[in-house]
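# Results of the structural survey
As a plain string of letters, each chain reads:
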Amino acid sequence: MNKQPIKTFDSSLFQALEKERNRQESGLEMIPSENFVSLAVLEALGSIATNKYSEGYPGKRYYGGCEFIDEIETLAIDRAKQLFDAEHVNVQPLSGAPANIAVYFGLLKPGDTILGMDLAHGGHLTHGHPVTHMTKVFNFIRYKTNEAGKIDLDNLRAMAIEHKPKMILVGYSAYSREIDYAAVKSIADEVGALTMADIAHIAGLIAGGEMNNPVPLFDVVTTTTHKTLRGPRGGMIMCKREHAKAIDKSVFPGFQGGPHENNIAAKAIAFKEALEPSFKEYAKQIRKNAKVLETEFTAKNYRLMFGGTDNHLLLIDAVISKGISGAEAEAALDKAGITVNKNMIPEDTRSAMDPSGIRLGTPALTTRGFKESEMKTVAELIDRVLNNSTNDSVLSEIKAEVKKLTEQFPLYPELA
Ligand code: DSN
């Protein structure tokens, strides 16, 4: 077995990792689905739990030697149940897309209709975008936000009555408003549909008590664990007891093989962190920081989709706001050390690779320690970038300012 650390064993990989560490340390990370995990989460990810095969579930494995792996997985499950008030939890999904696919196959039959939100209106690829394989198996009908940027519940009800879905799916990737789960549940009950929420983006805000929790109400709720929840890259399914067997069978053996137990160990750590009182403060601050951006960009006459934000993210029309495309805005911000992603906006007339919008969020900067005053500075920096998107010397100057700002909030001094 190799006994050398990465640094001496593989200088090519070491240098690439160091460059990425420096990028994370010296830039403003504003992709709303990204975050920075604790050293304990990193430690669990790099632990010996990666060595073990453990197909099955705690107490019912297909391999020997799983008694301690069972302890690890049970800790993750119990903590997730406590965090979200869940009846049943499966922590094995490798990420959000596999979690969603496992739910579709676990609770539905091929050909069944699913009512999900359109991608350009804030939905997710796995909620029925035609480029995904799942649309060959299930009949996805996609609803949209209205002109006011809200989910029109009357229209959702009319669509549910017309299409008779077996499942109504809420929970979004670029939608910035709260969701009325009770109203959706009542529409689903009226047409005999199951309810599913994909809370990947807002799981940390729900765990921190900052947003409505669909888990006690809905049939099934999926999430990733690496966004606002601030855990390792991975997925999770929470459901009512009556669906537990179908969901577990669908994840394994239906869809996946051996679970990644190092990852599940890291989920257990992240859930313990999310149960600490300080996590509530973090969740509150994420929203306060997003509100500062909303206020600052509104004052600068930006076009904010959905009229602003209730959560951690903003979707901005870069074309109307600044006369440049989302891709141009993303590229200019990148040159200045500010990372966001280009994004479609509702009724976008441009393509997915060169859409009209940019999506930005506050979780990673909040983890870093940014509060309201720093967010005001961040809004100023972004505005200057977008006003000078083709002026490389101004963008370099801003990059230097970004670096100075980040130096006041070191991320992983222990790893330097
Ligand atoms: N890629 C994630 C996001 O950025 O929202 C969703 O899968």
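Residues numbered from 1 in each chain as written. Predicted model: local features only at pLDDT ≥ 70, side-chain atom pairs only at ≥ 80, totals over all residues. Heavy atoms only, no water.

## Focus: the pattern of salt bridges
Taken as a whole and judged by the stated rule, the model has 25 salt bridges. The partner of Lys291 in a salt bridge is Glu294, with the nearest N and O atoms 2.9 Å apart. With Lys291 and Glu294 both in helix α12 (residues 277-299) and three residues apart, this pair spans about one turn of that helix. On the basis of relative accessibility, which here comes to 15%, the residue Glu294 falls in the buried class. Linking Arg384 and Glu401 is a salt bridge whose minimum nitrogen-to-oxygen distance equals 2.7 Å. Of this pair, Arg384 sits in helix α16 (residues 372-387) while Glu401 sits in helix α17 (residues 392-407), and the two are 17 residues apart along the sequence. Shared partners join several salt bridges into a network, and the residues in it are Arg61, Asp70, Glu73 and Glu261. (Salt bridge = Lys/Arg side-chain N within 4 Å of Asp/Glu carboxyl O. Helix = DSSP H or I, 4+ residues; strand = E, 2+ residues; numbered from the N terminus. Buried < 20%, exposed > 50% of the residue type's maximum accessible area, 1.4 Å probe, protein only.)

## Quick look at the packing of aromatic side chains
Evaluated as defined, the whole model comprises 11 aromatic pairs. Pairwise contacts between aromatic rings join Tyr104, Phe105, Phe138 and Phe140 into one cluster. Residue placement shows Arg230 over the ring face of Tyr282; its charged tip is 3.8 Å from the ring centre. (Phe/Tyr/Trp six-rings, centres within 6.5 Å; stacked < 30°, edge-to-face > 60°. Lys NZ or Arg CZ within 6 Å of the ring centre and 35° of its normal.)

## A short note on the packing of helix α4 (residues 67-84) against helix α11 (residues 261-274)
Contact pair α4 / α11: the axes reach a minimum separation of 8 Å and the direction vectors enclose 35°. Handedness of the crossing formed by α4 with α11: left-handed. Residue-level inspection shows Ile69, Ile72, Glu73, Leu75, Ala76, Arg79, Ala80 and Leu83 of α4 in contact with α11, the latter providing Glu261, Ile264, Ala265, Ala268, Ile269, Phe271, Lys272 and Ala274. Split into classes, the residues belonging to the contact of α4 with α11 amount to 12 nonpolar, no polar and four charged. (Axes fitted to C-alpha atoms, helices over the stretch in contact; angles between N-to-C directions. Left-handed = near helix turned anticlockwise from the far one by under 90°. Contact = heavy atoms within 4.5 Å. Nonpolar A, V, L, I, M, F, W, Y, C, P; charged D, E, K, R; others polar.)

## Details of the packing of helix α14 (residues 326-335) against α16
It is the contact of α14 with α16, at a shortest axis distance of 9 Å, that shows an interaxial angle of 115°. Where α14 crosses over α16, the two elements pack in a sense that is right-handed. Taking contact as the criterion, the partners of Ala329, Ala332 and Leu333 in α14 are, on α16, Ile382, Val385 and Leu386. Tallied by class, residues from the contact of α14 with α16 come to six nonpolar, no polar and no charged.

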